[in-house]
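A closer look at the structure
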Amino acid sequence: MVTDVGREELNACRARGDKWLQSWIVLLIGMVGVLHEREEAPGQLREAIRLKQPFRELLGIGSAVEFLAWCAMTDRDIKLAANLFGAVTVFMKPLGLDGADEVGCGRAGVCGCRS
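How each quantity is defined
Residues numbered from 1 in each chain as written. Predicted model: local features only at pLDDT ≥ 70, side-chain atom pairs only at ≥ 80, totals over all residues. Heavy atoms only, no water. Salt bridge = Lys/Arg side-chain N within 4 Å of Asp/Glu carboxyl O. Helix = DSSP H or I, 4+ residues; strand = E, 2+ residues; numbered from the N terminus. Buried < 20%, exposed > 50% of the residue type's maximum accessible area, 1.4 Å probe, protein only. Contact = heavy atoms within 4.5 Å.

1. What about the pattern of salt bridges?
Pairing between side chains becomes possible if they bear opposite charge and their charged atoms approach one another. Going through the model one piece at a time under the given rule, you end up with 2 salt bridges. Taking the shortest distance from any N to any O, the salt bridge between Glu 47 and Arg 50 comes out at 2.6 Å. Of this pair, Glu 47 and Arg 50 both sit in helix α3 (residues 41-52), 3 residues apart, which is roughly one turn of that helix. The partly exposed category is assigned to Arg 50, whose relative accessible area is 45%. A salt bridge links Glu 57 to Lys 52, with the nearest nitrogen and oxygen atoms 2.9 Å apart.

Okay, structure coming up:
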């Protein structure tokens, strides 16, 4: 299974002290956990964010926050999900990955995005 391979690689990264690669592996394990609705997924995503902070890695942090938003949706915490989805743009926009600007939200002229 993917998470078994990920855990093996995670242990190897910990042994080498490779925090950057470890942060990506924890993120990917958390993402797989979300897709399989595992209870530990949110904790893994928060751990990935913690590991990524020293690197100021916007793509990885933004991805983890987005998957946390999906966890909140699954838990029916709509307010938290909305806040987290909004926070994703803080991390992605500097990378040119602001989805609303790319695909348009259907509110031409109201929010300023392309429709």
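2. A short note on the environment of Ala 64
Within the secondary structure, Ala 64 is located in helix α4 (residues 58-74). Residue classification places Ala 64 among the buried positions, given a relative accessible area of 0%. Put simply, Ala 64 and Lys 52 are 12 residues apart on the chain and 9.9 Å apart in space, counted from C-alpha to C-alpha. For Ala 64, the contacting residues outside a window of four places in its chain are Leu 27, Leu 45 and Ile 49.

3. Here we look at the side chain of Gln 22
Within the secondary structure, Gln 22 sits in helix α2 (residues 19-35). Take Gln 22: its relative accessible area is 5%, and that puts it in the buried class. Contact partners of Gln 22, with chain neighbours within four places excluded, come to Leu 10, Cys 13, Arg 14 and Leu 51.

Keep in mind these values describe shape, not function.
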